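As a plain string of letters, each chain reads:
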Amino acid sequence: MTTDVIVPVDMWEEDSEGVITSWLASDGGEVAEGDVIAELMVEKIQYELEATASGILKIINDVDEIVEKGQKVATIG
C-alpha cells in the first residue's frame, strides 16, 4: 500500500504556496513514520514536513520547486 505525502493545509496561515528547500531523506530511501523528511520555506519561515507512514520514499517534487497546500510531494510505499 502506498501513502501520499501531502503538504498540510494548516501548516501555515497566509500564503497558499511555499518552496521545498531540502529533502532530508533520499529518494528510494527508507523512512519511519514521524521522521522529518523535508523542509519548506514560506515567507522566510522554515517548516518541517514529516513522514506520514513508514516505508520507501519516492520524491515527486525537487528542491526549489514551488508547492501548494494540499499538494502531493512524495509517496511512501
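What you see is a predicted model; the values in this text were computed from it and never measured.

A. Here's a closer look at the overall build of the chain. Scanning the chain from N- to C-terminus turns up 0 helices and 8 strands. Taking 11 Å as the expected radius of gyration for a compact globule of 77 residues, we find that the chain reaches 11 Å, a close match to that expectation. If one aligns the C-alpha atoms of the chain with their principal axes, the spans along those axes are about 35 × 20 × 20 Å. Pairs at least 24 apart in sequence give 58% of the contacts found in the chain among residues at least 6 apart. Of the side chains in the chain, 4 bear a positive and 18 a negative charge, and the two mean positions are spaced by 5 Å.

B. Inspection of the pattern of salt bridges at higher detail. Applying the stated criterion across every chain yields a total of 2 salt bridges. With a closest N to O distance of 3.8 Å, K72 and D4 form a salt bridge. You can see K72 sitting in strand β8 (residues 72-76) and its partner D4 sitting in strand β1 (residues 3-6), a full 68 residues away along the chain. A salt bridge links D27 to K58; its shortest N-O distance comes to 3.8 Å. With a gap of 31 residues between them, D27 in the loop between β2 (17-23) and β3 (30-31) and K58 in strand β6 (residues 55-59) connect regions that are remote in the sequence.

C. Representation of the nonpolar core within the structure. Within the largest apolar cluster, 18 residues are counted, with the highest numbers of intra-cluster contacts made by V5, W23, V31, I37, L57, V73 and I76. Contact partners of I76, with chain neighbours within four places excluded, come to M1, T2, T3, V5, V31, A51, T52, A53, S54, G55, I56 and L57.

D. Main features of the sheet that holds strand β5 (residues 45-50). Spatially, β5-β4-β2-β7 is the arrangement adopted by the 4 strands of the open sheet, whose pairing is antiparallel. Two strands bound the open sheet, and with one partner strand each, they are β5 and β7 (66-68). Mean inter-strand twist for the sheet, computed between neighbouring axes without regard to direction, equals 45°. Across 3 bridges, the pairing between β2 and β7 is antiparallel. Following the sheet pairing, G18 is matched in β7 by V67.

Rules of the game
Residues numbered from 1 in each chain as written. Predicted model: local features only at pLDDT ≥ 70, side-chain atom pairs only at ≥ 80, totals over all residues. Heavy atoms only, no water. Helix = DSSP H or I, 4+ residues; strand = E, 2+ residues; numbered from the N terminus. Rg over C-alpha atoms; globule rule 2.2 N^0.38 Å. Contact = heavy atoms within 4.5 Å. Lys, Arg positive; Asp, Glu negative; His and termini not counted. Charge placed at Lys NZ, Arg CZ, Asp CG, Glu CD. Salt bridge = Lys/Arg side-chain N within 4 Å of Asp/Glu carboxyl O. Core = buried A, V, L, I, M, F, W, Y, C linked by side-chain atoms within 4.5 Å. Buried < 20%, exposed > 50% of the residue type's maximum accessible area, 1.4 Å probe, protein only. Pairing = 2+ DSSP bridges. Axes fitted to C-alpha atoms, helices over the stretch in contact; angles between N-to-C directions.

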